[in-house]
Amino acid sequence: MKEDETMVSAIVSNIRQETPSTKSFDLTPITGKVHFLPGQWVDVLVQINGRTEIGGYSITSNPSQKGSISLAVKDLNNDFMTRYIHDSMVDGDMVSFNVGGTCTYSEEKNDALLLAGGIGITPLMSIFKNIGEDTDHKALLFHSASCSNEFLFEEEIKTLCLQHPNRLFYRQTLSRNSEQLRNQTFGRITKSKLQKLPVLCFDAVFLCGPDKFISDIYECLIEIGFDKNHIYYEKWW
Ligand SMILES: Cc1cc2nc3c(=O)[nH]c(=O)nc-3n(C[C@H](O)[C@H](O)[C@H](O)COP(=O)(O)OP(=O)(O)OC[C@H]3O[C@@H](n4cnc5c(N)ncnc54)[C@H](O)[C@@H]3O)c2cc1C
C-alpha cells in the first residue's frame, strides 16, 4: 500500500499487556476524526531507519468512542510490525494508518451471533460494543481460546453484559483440555455446540479467526440451516 491522502497521522498511547500473548493500544489522530464501521481494520505504517513497515489489524473500539481507535495485536509472528509493537513501541510514538474492510455491522443487520477464534475476537469486539452501546439489538459473542488466560477482553465483555443483561450475552470455550476449570466449556466450537445456542434466532452471523475456523464453522452453520447470505467473514490470508 502507498502512503496517500487517506492516511491519518496518529500518536500511540495506553499500551496494555492484555493477555500473555496480546498487547492493545490506542491511536489518537493528530488532526480530525476517524470514520469507520464496526468490523473494519486499519493498515498501520511505521517509519524506522528510513523504511516504511506495514501491519494490518482490526479496530476493537466502538466507532462512537471519541478521539481514538483501539487495536490489539497477538505476538504470533517475527515480522517487523509484530516485533516493533511487542518489543519497542512506547507511548508517544508516531504512526500513520488508513481504514479498510467491507465485513461490517450496521443497524439494519439486527441481532448478531459473533463467533470468534482466538485473536479473531478483535473486529467482533467492536461489533459487540456497538450493538450494546448504540443499538437496541441483541448480540451473543461465543469465544474459543486455546488457554484460559487468552480470553482477550474477558472482563470488559462481562461488564458490558452486566450493563445490558437482556441484550448482550457471552460464552467461552477452552479448546485445550489440559486445564481443569470448573464451569468451563471445553473443546472447539462445533456443530453440536452451535446447536445448543439459538442460532436461527439471529439475523446475522459474523465469524473471525484462523482460516480453518472460518471455513469449518461456515459449513456447520449451513448444515444447521442458517441462511448463507447472512453469514459475514473476511479472510486476510
Ligand atoms: C478478519 C481478520 C482480522 C484479524 N485481526 C487481527 C488483529 O486485530 N490482531 C491480530 O493480532 N491478528 C489479527 N488477525 C490475525 C489472525 O486472527 C491470526 O493470525 C490467526 O487467526 C491465528 O489466531 P490465533 O493464534 O488466535 O489462533 P489459535 O489460537 O490457533 O486458534 C484460536 C481458536 O480457534 C480454534 N480453532 C482453530 N481452528 C478451528 C477449527 N477448524 N474449528 C473450530 N475451532 C478452531 C482453536 O482451537 C482456538 O480455540 C486477523 C485475522 C482476520 C481474518
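Because the structure is a prediction, the values reported are computed rather than measured.

> Help me understand the sheet that holds strand S6 (residues 94-100) in this model?
Adjacent strands of a sheet pair through backbone hydrogen bonds, lying either parallel or antiparallel. One open sheet holds the six strands; their spatial order is S4-S3-S6-S1-S2-S5, and the pairing between them is antiparallel. Either end of the sheet is taken by a strand with one partner, and the two such strands are strand S4 (51-58) and strand S5 (69-74). When strand polarity is set aside, the average angle formed by the axes of neighbouring strands in this sheet is 40 degrees. Contacting strand S2 (22-29), strand S3 (41-48), S4, S5 and S6, helix H1 (residues 80-88) crosses the sheet at an angle of about 80 degrees to S4.

> Would you mind showing me how to read the sheet that holds strand S8 (residues 139-145) here?
Pairing within the open sheet is parallel, and its five strands lie in the order S9-S8-S7-S10-S11. The open sheet has two free edges, formed respectively by strand S9 (168-174) and strand S11 (231-233), since each of these has just one partner strand. The average undirected angle you get between the axes of adjacent strands in this sheet is 15 degrees. With seven bridges connecting them, S8 and S9 associate as parallel partners. Opposite leucine 141, over in S9, you have tyrosine 170 as the bridge partner. Set on the sheet, helix H3 (residues 154-163) makes contact with S8 and S9; between it and S9 the angle comes to about 145 degrees.

> Even after reading the chapter, I still don't get the packing of helix H2 (residues 121-134) against H3, so can you show me in this structure?
A pair of packed helices is characterised by two quantities: the angle between their axes and the separation of those axes. Where H2 contacts H3, the two axes come as close as 11 Å, and the packing angle between them is 20 degrees. It follows from the interaxial angle that H2 and H3 lie roughly parallel. By crossing handedness, the relation of H2 to H3 is classed as left-handed. Of the residues in H3, those in contact with Ile121, Met125, Phe128, Lys129 and Glu133 of H2 are Glu156, Ile157, Leu160 and Cys161.

> Teacher, can you tell me more about the packing of aromatic side chains here?
For any two aromatic rings, the description comes down to two numbers: the centre-to-centre distance and the angle of the planes. Taken as a whole, this structure holds three aromatic pairs when the rule is applied. Geometrically, the ring pair formed by phenylalanine 206 and tyrosine 232 is stacked, given 5.0 Å between the ring centres and 25 degrees between the ring planes. Taken as a pair, phenylalanine 206 in strand S10 (residues 204-208) and tyrosine 232 in strand S11 lie far apart in primary sequence, 26 residues in all. Given the relative accessible area of 0%, phenylalanine 206 is considered buried. Taken together, the aromatic side chains of Tyr105, Phe206 and Tyr232 make up a single cluster linked through ring pairs. Lying over the aromatic face of tyrosine 232, lysine 109 brings its terminal NZ or CZ to 4.4 Å of the ring centre.

> For this particular structure, what's the right way to read the site of the ligand?
Among the 26 residues in the neighbourhood of the ligand, the closest are listed as Lys74, Ile119, Ser144, Ser175 and Asp216. The separation between a nitrogen atom of the ligand and a polar main-chain atom of alanine 72 is 2.9 Å. One of the backbone N or O atoms of isoleucine 119 is found 2.9 Å from an oxygen atom in the ligand. Starting from 1000 Å² of accessible surface for the ligand in isolation, the protein chains cover 87%. Taken together, the residues of the shell around the ligand sort by class into 12 nonpolar, nine polar and five charged.

> What exactly am I supposed to notice about a negative patch on the surface here?
On the surface, a cluster of negative charge is contributed by Glu107, Glu108, Glu133, Asp134 and Asp136. Looking at the secondary structure, you find aspartate 136 in the loop between H2 and S8. Judged by relative accessible area, aspartate 136 falls into the exposed class, the value being 69%.

Thresholds applied
- Residues numbered from 1 in each chain as written.
- Predicted model: local features only at pLDDT ≥ 70, side-chain atom pairs only at ≥ 80, totals over all residues.
- Heavy atoms only, no water.
- Pairing = 2+ DSSP bridges.
- Helix = DSSP H or I, 4+ residues; strand = E, 2+ residues; numbered from the N terminus.
- Axes fitted to C-alpha atoms, helices over the stretch in contact; angles between N-to-C directions.
- Contact = heavy atoms within 4.5 Å.
- Parallel < 35°, antiparallel > 145°, perpendicular 65-115°, else oblique.
- Left-handed = near helix turned anticlockwise from the far one by under 90°.
- Phe/Tyr/Trp six-rings, centres within 6.5 Å; stacked < 30°, edge-to-face > 60°.
- Buried < 20%, exposed > 50% of the residue type's maximum accessible area, 1.4 Å probe, protein only.
- Lys NZ or Arg CZ within 6 Å of the ring centre and 35° of its normal.
- Near = heavy atom within 4 Å.
- Polar contact = N/O pair within 3.5 Å; in protein donor to acceptor, adjacent residues only side chain to side chain.
- Areas by Shrake-Rupley, 256 points an atom, 1.4 Å probe, with all protein chains shown as cover.
- Nonpolar A, V, L, I, M, F, W, Y, C, P; charged D, E, K, R; others polar.
- Patch = residues over 30% accessible without salt bridge, like charges linked within 9 Å, V, L, I, M, F, W, Y side chains within 5 Å.
- Salt bridge = Lys/Arg side-chain N within 4 Å of Asp/Glu carboxyl O.
- Lys, Arg positive; Asp, Glu negative; His and termini not counted.
- Charge placed at Lys NZ, Arg CZ, Asp CG, Glu CD.

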